[in-house]
Amino acid sequence: MSSRTSPISQSITIRRAVARDAKRLTRLVRGSGAYEGKYAAAVAGYRVGPDYIEAHRAFVAVGADEHGGRVLGFYSLVLAPPELDLLFVADEVQGRGIGRLLVAHMQSEARAAGLDRVKVVSHLPAEDFYHRVGAVRIGTALANPPAVPWDRPEFEFRIPSE
């Protein structure tokens, strides 16, 4: 089993993002392998600033073992209208269940906020991931040049009440 697909062998903590995480989150977005080549322009100038972190429910997944507390991934939940705005996992730890943990946490946060649905406009390379974690395809977000010159699949997480 390669390291890319091995299960999580360390303790993962999900905590609320804070202003000092902003630079790390920005690097995670800009350095994502999913945004290489023709997709690079979409994140080239992207910035996750302290103001963004304060305005939204942003959470980070932090590894406790060999990564020494390093941010392994993060998501941002916007409450109105309900949307999973950002979800990124560091390239070197993809395939280990961190994205699935982040989605489960997001669903719990959405439920606590009284939401019954959360929309996500997916990046094309992430479409299969969203299918695997239970999102339902609801449509297509049309291209928005010059920032995003391609259509993107639109999904919805249905949040059951407990």
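Quantities reported herein were computed from a predicted structural model and do not represent experimental measurements.

Rules behind the numbers
- Residues numbered from 1 in each chain as written.
- Predicted model: local features only at pLDDT ≥ 70, side-chain atom pairs only at ≥ 80, totals over all residues.
- Heavy atoms only, no water.
- Buried < 20%, exposed > 50% of the residue type's maximum accessible area, 1.4 Å probe, protein only.
- Helix = DSSP H or I, 4+ residues; strand = E, 2+ residues; numbered from the N terminus.
- Arc of directions from axis to C-beta.
- Contact = heavy atoms within 4.5 Å.
- Expected span 1.5 Å × (residues − 1).
- Salt bridge = Lys/Arg side-chain N within 4 Å of Asp/Glu carboxyl O.
- pLDDT = per-residue confidence, 0-100.

S.K.: Quick question: what am I supposed to make of helix H1 (residues 22-30) here?
M.R.: Since one α-helical turn is 3.6 residues long, residues separated by three or four positions face the same way. Within H1, the full set of buried residues consists of Ala-22, Leu-25, Thr-26, Leu-28 and Val-29. Down the axis of H1, the buried set is contained in an arc of 160 degrees. They therefore lie on one face. Within H1, the exposed residues directed more than 90 degrees away from the buried face are Lys-23 and Arg-27. The elements touched by buried residues of H1 are helix H2 (50-55), strand E2 (57-63), strand E3 (71-78) and strand E4 (83-89).

S.K.: How do you make sense of helix H3 (residues 98-112) when you look at a structure like this?
M.R.: Here H3 spans 21 Å end to end across 15 residues, near enough to the 21 Å set by a 1.5 Å rise per residue. Within the span of H3, buried status applies to Ile-98, Gly-99, Leu-102, Val-103, Met-106, Gln-107, Glu-109 and Ala-110. Two residues or fewer after H3 comes Gly-114, characterised by a positive phi angle close to 85 degrees.

S.K.: Before we go on, may I ask you to explain unusual backbone geometry in this structure?
M.R.: Pro-81 follows Ala-80 through a cis peptide bond whose omega is -10 degrees. Inspection of the secondary structure puts Pro-81 in the loop between E3 and E4. Across the junction of Pro-145 and Pro-146, the peptide omega takes the value 5 degrees, indicating a cis bond. With respect to the secondary-structure elements, Pro-146 resides in the loop between strand E6 (136-141) and strand E7 (152-158).

S.K.: What should I look at first to understand the environment of Glu-154 in this one?
M.R.: With respect to the element layout, Glu-154 can be found in strand E7. The exposure class of Glu-154 is buried, given its relative accessible area of 16%. Once you skip the residues sitting within four places of it in the chain, Glu-154 turns out to touch Lys-119, Val-120, Val-121, Val-136, Arg-137, Ile-138, Gly-139, Thr-140 and Ala-141.

S.K.: Would you mind going over the pattern of salt bridges with me for this structure?
M.R.: When the charged atoms of two side chains with opposite charge come close together, those side chains can pair. All chains considered together, the criterion is met by nine salt bridges. Between Glu-109 and Arg-57 there is a salt bridge, with the nearest N and O atoms lying 3.3 Å from each other. In this pair, Glu-109 sits in helix H3 while Arg-57 sits in strand E2, placing the two residues 52 residues apart along the sequence. Each of Arg-15, Asp-21 and Arg-24 takes part in a single network of salt bridges with overlapping partners.

S.K.: What is the right way to look at the confidence of the model for the protein in this model?
M.R.: In low-pLDDT segments, the atomic positions of the prediction should not be examined closely. Summarising the model, the protein shows a mean pLDDT of 90, and 91% of its residues fall at 70 or more. Of all helices and strands in the protein, the one with the weakest mean pLDDT is strand E1 (residues 12-16) (94), whereas strand E5 (residues 117-121) scores best (98). Here residues 1-7 is a poorly scored stretch, pLDDT under 50, and it has 11 contacts once near neighbours within four places are set aside; other chains count.

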